[in-house]
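# Results of the structural survey
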Amino acid sequence: MAEEFARLGIGQDLVEGIDAMGYRSPTPIQEQAIPAVLDHRDVIACAQTGTGKTAAFILPIVDVITRYGPREEGSIRALVIVPTRELALQIDQQLQGMAYYTPISSMPVYGGSDAASFDQQKSALTSGTEVIIATPGKLLSHLNLGYVPTKGLEFLVLDEADRMLDMGFIEDIQRIITFLPKDRQTLMFSATMAPQIRQLAKQVLHDPVEITIALSKPAEGVDQRAYVLYVPQKRPLLEHILNSNDAKCILIFAGRKTEVKDLARYLKKKGHEVAAMHSDLEQEERESVMLAFRNRKLRILVATDVVSRGIDIDDIDLVINYDVPRDPEDYVHRVGRTARAARKGAAVTFISDQDMREFGRIERLIEREVPKAELPKELGPVPGYVPGEGRKKKSGRRPGSGRPNSGSGGGRRRR
Ligand code: AMP
């Protein structure tokens, strides 16, 4: 049994749910965050996906709202704000699992839905659902319509705060907060602690407990390797890896949607079980692709960074970075899809002669040199690896990924 969670103060109903999910002992972030939240403290945690951060806030929140009655009948009791609908769905699923033996109900609220789901969301928001997991824009639409009962809100969680800032959600978040009671507990999770995050923390948190879990480094269990090569060698190498590796669940990342689509088509032609995942897909299509991948009906998923953060697919044994992500943090998130919660996994990155400079930035961020593997001889000669070489960064950010106020257009990115 997951008795170690009881030692942290978590009640028996939840411990049974945790046990059914197969967790045996708390991860470091859970060890630190759970007692702090139960002690009524605000928390700011620097932790990346894969550390168990979701359970670190869900467990104490559900524990408190199960133990004590609501401050205000019918009010939402906890609000979790997240950058993407995938993350909202994933957190909701984890919550449903952990809270299975409790009477707590939850609902994800996200954009891009039709009128029927808007109404469904509205009814969940107004009929005593205790925990709402929402993306900022859609939540704000509901709040602005005036019917969302927030008076008795006890917990606000800002998850992946750095990602939300990147996506231009800061104003929406600040506006959302104006609808919430000041007398609440606020928990903020972020993979990085950029100055903007600290500033937001100052505004919304009250004397928080600070928790830092291994800043921006892929989990220890990941076997990271890289190939230095020319662009035309990428597809043959990919074929070689897919055919010679016995990995059953493979996630391939490419930076652009066009590349993702092309690559998926190419691999399908070569006889692989593969699907593409990117922001052009409708929500239903995304969900059915994810389901097929989770259920092992597909061996390979080719995706943009849309799925690199927050998506909970267990047992991915191989991540392939078909290109070097422009944002070093994305590397950490991509690689974080494997070896979750200390399991083993492998991550392979293709570094073209154009991308060595970018990869050098990644190696600096993770404070580690990633071993370079040799290409099979038949694929021909390769460039030498010089981390300072390759494309120069232009405006400091890749096109379309501008942060607000960065002068590069700002706004939300669709990948
Ligand atoms: P997260 O960082 O919240 O995205 O969690 C990463 C993964 O670890 C998810 O697949 C969780 O289901 C899993 N996980 C979270 N906490 C634990 C735990 N205490 N023991 C084992 N697995 C866990």
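Shown above is the structure to which this text applies.
In this text, all values refer to a predicted model and were calculated from it rather than measured experimentally. (Residues numbered from 1 in each chain as written. Predicted model: local features only at pLDDT ≥ 70, side-chain atom pairs only at ≥ 80, totals over all residues. Heavy atoms only, no water.)

## Digging into the overall build of the chain
- Assigned secondary structure in the chain consists of 15 helices and 14 strands.
- Long-range pairs, those at least 24 residues apart, make up 78% of the contacts in the chain between residues at least 6 apart in sequence.
- For the chain, the exposed area adds up to about 17,800 Å²; of that, 49% sits on carbon and sulfur atoms. (Helix = DSSP H or I, 4+ residues; strand = E, 2+ residues; numbered from the N terminus. Contact = heavy atoms within 4.5 Å. Areas by Shrake-Rupley, 256 points an atom, 1.4 Å probe, with all protein chains shown as cover.)

## Some points on the sheet that holds strand 5 (residues 155–158)
- Read from one edge of the open sheet, seven strands run 3-4-2-5-6-1-7, paired in parallel fashion. Every other strand in the sheet has two partners, leaving strand 3 (106–109) and strand 7 (209–212) as the edge strands with one partner each. With direction set aside, neighbouring strand axes in the sheet form an average angle of 15°.
- Pairing between strand 2 (residues 78–81) and strand 4 (residues 131–134): four bridges, direction parallel. In the sheet register, Leu79 faces strand 4, and the bridge partner there is Ile132.
- Running over the sheet, helix 4 (residues 53–67) touches strand 2, strand 4, strand 5 and strand 6 (185–190) and is turned about 175° from strand 5. (Pairing = 2+ DSSP bridges. Axes fitted to C-alpha atoms, helices over the stretch in contact; angles between N-to-C directions.)

## Quick notes on unusual backbone geometry
- Phi is positive for Glu160, which is not a glycine, with a value near 50°.
- One non-glycine residue, Asp207, lies in positive phi territory at about 40°.
- Secondary-structure assignment places Asp207 in the loop between helix 10 (195–204) and strand 7.

## A closer look at the environment of Glu3
- Mapped onto the elements, Glu3 comes out in helix 1 (residues 3–7).
- Sequence separation of Glu3 and Arg24 is 21 residues, and the distance between their C-alpha atoms is 7.8 Å.

## Here we look at the pattern of salt bridges
- Throughout the structure, instances matching the rule amount to 21 salt bridges.
- The salt bridge involving Glu154 is made with Arg77; its shortest N-O contact spans 2.7 Å. Within this pair, whereas Glu154 is found in the loop between helix 7 (136–144) and strand 5, its partner Arg77 is found in the loop between helix 4 and strand 2, the two being separated by 77 residues in sequence. Accessibility classification places Glu154 together with Arg77 in one group, the buried group.
- A salt bridge links Asp280 to Lys261; its shortest N-O distance comes to 2.9 Å. You can see Asp280 sitting in the loop between strand 10 (274–277) and helix 13 (283–294) and its partner Lys261 sitting in helix 12 (residues 257–269), a full 19 residues away along the chain.
- When its relative accessible area of 36% is taken as the criterion, Asp280 is described as partly exposed. (Salt bridge = Lys/Arg side-chain N within 4 Å of Asp/Glu carboxyl O. Buried < 20%, exposed > 50% of the residue type's maximum accessible area, 1.4 Å probe, protein only.)

## A closer look at the sheet that holds strand 12 (residues 318–321)
- Taking strand neighbours across the sheet as the criterion, the seven strands line up as 10-11-9-12-13-8-14 in an open arrangement whose pairing is parallel. Of all the strands in the sheet, the pair left with one neighbour each is strand 10 and strand 14 (372–373).
- Judged from the four bridges that link them, strand 10 and strand 11 (residues 300–303) form a sheet pairing that is parallel. Bridge pairing in strand 11 links Val274 to Ile300.

## Quick word on the environment of Pro325
- Relative to the elements of secondary structure, Pro325 occurs in the loop between strand 12 and helix 14 (328–335).
- Counting along the chain gives 20 residues from Pro325 to Asp305, while the straight-line C-alpha distance between them is 8.7 Å.
- When sequence neighbours within four positions are dropped, the list of residues in contact with Pro325 reads Asp330, Tyr331, Arg334 and Ile362.

## A few points about the packing of helix 14 against helix 15 (residues 356–365)
- Two numbers describe how helix 14 lies on helix 15: the axes approach to 8 Å, and their chain directions differ by 70°. Judged on the interaxial angle alone, helix 15 and helix 14 are roughly perpendicular. The two elements helix 14 and helix 15 cross, and the hand of that crossing is right-handed. The segment helix 14 lies against helix 15, with Pro328, Glu329, Tyr331 and Val332 engaging Phe359, Arg361, Ile362 and Leu365.
- Grouping the amino acids of the contact of helix 14 with helix 15 by side-chain chemistry returns six nonpolar, no polar and two charged. (Parallel < 35°, antiparallel > 145°, perpendicular 65-115°, else oblique. Left-handed = near helix turned anticlockwise from the far one by under 90°. Nonpolar A, V, L, I, M, F, W, Y, C, P; charged D, E, K, R; others polar.)

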